[in-house]
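Each chain, letter by letter, is given below.
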Amino acid sequence: MSALIKIAVVSADLCSGCRSCETWCSFVLAKGRGFRPEESRIHIETDPQGVLNIPHINCLEECQLKHEGDPICVEMCPTGCLIYTDDEDLESKRALWEQARQDQPLFRLIVPWKYPYPWRPLKRDEL
Amino acid sequence: MNSPQPAPIHVFVKYVGRIAVMTGRVRESIALDEPANADHLLDVMEQRYPGFRPVFDPPGGVFNLTTAIICRRGGQPSFSIVDPQEPLKDGDVLTFW
Amino acid sequence: MSWHGWAGRVLRVDLATGRISTEELSMQKARDFIGCRGLNVAYLYDEVGPEVGPFDQGNKLIFGAGPLEGTPIGMGRVSVLTKHPNRFLGEGGAGGHWSAELKFAGYDLVIVENKAERPVWLLIVDDKVELRDASHLWGRDTKEKHAIVREETGIAGIHVASVGMAGENLAANAKVQFTLDHSGGKGCGTIMGDKKLAAVAVKGSGMVSVAHGDRFLAAYRNFHKTFDLNTTRDAFVPSWSFNSANMLLELFNENGWVHAHNAQMGLFEPMLNDVEYMDKYVVRPESSFCCPLPACGRRYEIKEGLFAGTTGDEREVGFAQAAPIVGIHSYPHVIKFRDMCNRAGLDEDQAMYSIAWAMECYERGVINRSDTDGMELRFGDADAFLTMTDKIIRREGFGDILALGVAEAAKRIGKGSERFALSIKGKELERMPQRNGYQMALGLAVSEGGPDHTRWYPPYPPNPKTIPADMDLPFDPFKAFKTRSPDDKGRLVRWLYDSRAIVESLPSCVYMIRAMLGIDFRPWLELFNSCTGENGDLDDFIQKGTRIVNLERAYIVREGFRRADDTIPRRMLEEPVKEHNIPPIGDNLEIMKDDYYQVRGWDKETAIPKEETLLGLGLGNVVEDFKRRGIWESTEEGGHE
Ligand code: SF4
Ligand code: SF4
Ligand code: SF4
């Protein structure tokens, strides 16, 4: 296990295709002169059927564009699809998310550690 | 003859949006002792779903400022409960969101 | 001259001659009307006068992005505008990514002129713009059109605006359908179909320039924080983030807002449940360009049972409110309904309100099986609802009449059925209550674009106690936010209209107004100024919104709309919501209109803006135009259905 901190995708299932990551990365790369997703170091591919958004990251080394804390793509990612951490933490978070999304359908849409309110598993038999 | 025990009333509650995520269910019927008010209902909620009360009644904050409880009663126009002492009546439908 | 924010270019496409040209955006117009919704009407006012009929060659179809589109504030919002078949402003906003791509390709506006002889589609890839033959696209549904365009161009990330069968068949309020099931522009699909423009596909690779990057980033972070689940003060944000408009199902019901059985009832039980929807049908998030909410937009899928395999994207499951309107309790049916409308570019509201009207007519014996192609058409019949929707799309049998829109259909059927045709200016309602939300009644009545809640969003005013003390508001929130009183609604609705016109012109999604409780516009001003390099103050900024609304009003005045046209359905004026004991609106609407026209500086008798009002907003060109046409002298009384 490497302790190297890097940017990673928790799961493509969490990617809303919003392109906040692309758009903001390009802004910082251009030193704030404008937005140009084409030039970003991350790209969101939509598969031909349009049923999945797949983030492709071209900066597997530590992000050079950090301000305070997270790289801007992670800061602006609304669902928590992108994460900035080491491999070990990534694996444990993935497991946490897998379980959470079984228990509570809300977590098909966001990672549980970004959800600040109390939550309980959904009682499906009562619906 | 008449029992000295206070009669229970039943209110029907619905949970919407994020509140349903907090409870894990979307509706239930709750029995309360008469006379009942919104504060009593929150006591029951807090017992069943720890963490519920502060969302609607934040410590040191204003009751129901950024949340709402809609009360529908006997075919009258619904209203939002803004006072924790608001009396509750048997058959009220209360929607938390 | 260098542009920041704005691309500075307008693309013109003449379908009759095939001529494609670009021209410099008018700097004056951009400053006065911002972009998107505002700039669109500025161009339409100058170029499509009252002598041009909606189906004439001369009518135009305008797609507008705005200066902040392509930045993360833009949310991919596009505004589409044309002269509606009923002659008011056929305008609508839609999200997705299309508009952002248009900006990256380097255009603020696309103006489509004249009609093609045979179906064509328009491809825009940066500077490469061409019209192509669309015979293979015509007659296909909007998703097929997207797939074919994507394959033909080999561009995976291409975004497509297209017209479906409802538009091709000239249904009254057909929409333009964008990729990922975004849609908008009631009547724009109709005119797009009339012009035989099958699709407009866009992909861009350029930059949207920002004047002051550091300031913009700081302003954005400020804005973003208000949607942060950890810090938001707005109850709507966390619920809306995941359940979008679906959370409103119960709220509408509990408040007596639903239009159950064509608004004969204000309570519908059991109401479809938002959590059940989430659990059974939502599969993953799917958002508009840079939307900061985790999942207002979701991908749904019916995995098993009835209509299995139906899948698509939605943000506004408000369409589930079709269920009470036609009286059904089945998610698979409303999901299928949504999918049919999206594929056909059929306006859901047109379909649901005209079918509900037909159901009421049927139950009251106004129409019978001989009118309905032998069908029983009763509230609660989910299959009949879908069958009739399909007939509207194909303009088959009775569907051919409903395709005209509910107002026109009621005129044809007569026998008092006009009374329960729920429409405003001839366009069906859009599920917004009125009898217990007087600001909504007024907002809907005075709209220049037919019923459209985005013009005065939100239906739910914030709790007045949450408003910061240093906010200097042009109305009294403690009076204006009282829902069943006409008090102070004129000033409130004026403020809502003017400020929302700004947000829709920057553009951004009106939902984002929640960021500052919908009342603080200083943050929007800073976003606008830091992006474009402009340096106007707040008064100047708000005045742009006032100017946009006045020009929109001037447009429909020139088309003959008057005070009498600013109204709501009779049912809302005359019948109570029995289940909640809420009285009809009665005279209160006219009282609020007096108030509204007065605070607008419009003539009370006619609803025509006064000369000094227009001059004060720098709309001298409109004054000249009105004088030339004798608008202020005319005695026209409106009466557009
Ligand atoms: S980690 Fe840094 S360089 Fe890589 S995509 Fe994110 S912002 Fe861009
Ligand atoms: S910001 Fe996150 S959710 Fe949005 S496209 Fe990028 S990875 Fe996907
Ligand atoms: S809030 Fe919803 S409607 Fe608005 S931009 Fe985001 S996804 Fe689209």
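Since the model is a prediction, treat every value here as computed from it, not as a measurement.

Student: Please clarify how the interface of chain C and chain A should be interpreted in this entry.
Tutor: Many analyses report the size of an interface as the accessible area lost when the parts associate. Contacts between the two partners involve 49 residues from chain C, matched on the other side by 45 residues from chain A. The three residues of chain C that bury the most area against chain A are C:Met207, C:Asp279 and C:Arg284, which together make up 16% of that side's buried surface. At the surface where chain C touches chain A, the tally comes to four salt bridges. Residues C:Arg221 and A:Glu75 are paired through a salt bridge, measuring 2.7 Å at the closest nitrogen-oxygen approach. Here chain C and chain A share 16 residue pairs in polar contact (both at pLDDT 80 or more) between them.

Student: Looking at this model, I keep getting lost on the side chain of C:Asn436. Mind explaining?
Tutor: All names here are of chain C. Here Asn-436 shows up in the loop between β18 (427-428) and α18 (438-445). Its relative accessible area of 4% is what places Asn-436 among the buried residues. In terms of polar contacts, Asn-436 uses its side chain to reach the backbone carbonyl oxygen of Asn-255, at 2.5 Å. Leaving out residues up to four positions away in the same chain, Asn-436 has contacts with Asn-255, Gly-256, Trp-257, Thr-483, Arg-484 and Ile-582.

Student: What exactly am I supposed to notice about the site of ligand 2 here?
Tutor: In the neighbourhood of ligand 2, 13 residues make up the surrounding shell, with A:Cys15, A:Cys18, A:Arg19, A:Cys21 and A:Cys77 lying closest. Looking at the shell around ligand 2 residue by residue, the class counts come to eight nonpolar, four polar and one charged.

Student: Even after reading the chapter, I still don't get the confidence of the model for chain A, so can you show me in this structure?
Tutor: Low pLDDT marks stretches whose predicted atomic positions should not be read closely. The predicted model of chain A averages 91 in pLDDT, with 91% of residues at 70 or higher. Predicted confidence in chain A is weakest over strand β1 (residues 6-9) of chain A, with a mean pLDDT of 91, and strongest over strand β2 (residues 34-35) of chain A, with 98.

Student: What is the right way to read the interface of chain B and chain A from this model?
Tutor: Contact with chain B, which involves twelve residues of that partner, is made by twelve residues of chain A. With both sides pooled, the region where chain B packs onto chain A buries about 1000 Å², and carbon together with sulfur makes up 52% of that total. There are one salt bridge connecting chain B and chain A. As a salt-bridge pair, A:Glu126 and B:Arg25 come within 2.8 Å of each other at their nearest N and O atoms. Our count for the contact surface shared by chain B and chain A stands at five residue pairs in polar contact (both at pLDDT 80 or more).

Student: Whenever I open this one, the pattern of salt bridges confuses me. Can you help?
Tutor: When the charged atoms of two side chains with opposite charge come close together, those side chains can pair. Under the criterion given, the structure shown has 88 salt bridges over all chains. A salt bridge links A:Glu91 to A:Arg94; the shortest N-O distance between them is 3.1 Å. Pair noted here: A:Glu91 and A:Arg94 are both in helix α3 (residues 87-103), with a separation of three residues, about one helical turn. Classification of A:Arg94 as partly exposed rests on a relative accessible area of 27%. Note that C:Glu254 is salt-bridged to B:Arg72, the shortest N-O span being 2.7 Å. In this pair, C:Glu254 is assigned in helix α9 (residues 248-254) and B:Arg72 in strand β4 (residues 69-72), connecting two distinct chains. One exposure class covers both C:Glu254 and B:Arg72, and it is buried. Taken together, the shared-partner salt bridges connect C:Arg37, C:Glu91, C:Lys186, C:Asp452, C:Arg455, C:Glu504 and C:Glu552 into one network.

Student: Help me understand the environment of C:Ala161, please; the structure alone is not making it clear to me.
Tutor: Residue and element names in this part refer to chain C. With respect to the element layout, Ala-161 can be found in strand β9 (residues 159-162). Separated by 177 residues in the primary sequence, Ala-161 and Arg-338 place their C-alpha atoms 18 Å from one another. Not counting chain neighbours up to four residues away, the residues in contact with Ala-161 comprise Phe-63, Trp-98, Val-176, Gln-177, Phe-178, Met-192, Ala-198, Ala-199 and Val-200.

Procedures and definitions
Residues numbered from 1 in each chain as written. Chains lettered and ligands numbered in written order. Predicted model: local features only at pLDDT ≥ 70, side-chain atom pairs only at ≥ 80, totals over all residues. Heavy atoms only, no water. Contact = heavy atoms within 4.5 Å. Buried area = accessible area lost by both parts, 1.4 Å probe. Salt bridge = Lys/Arg side-chain N within 4 Å of Asp/Glu carboxyl O. Polar contact = N/O pair within 3.5 Å; in protein donor to acceptor, adjacent residues only side chain to side chain. Helix = DSSP H or I, 4+ residues; strand = E, 2+ residues; numbered from the N terminus. Buried < 20%, exposed > 50% of the residue type's maximum accessible area, 1.4 Å probe, protein only. Near = heavy atom within 4 Å. Nonpolar A, V, L, I, M, F, W, Y, C, P; charged D, E, K, R; others polar. pLDDT = per-residue confidence, 0-100.

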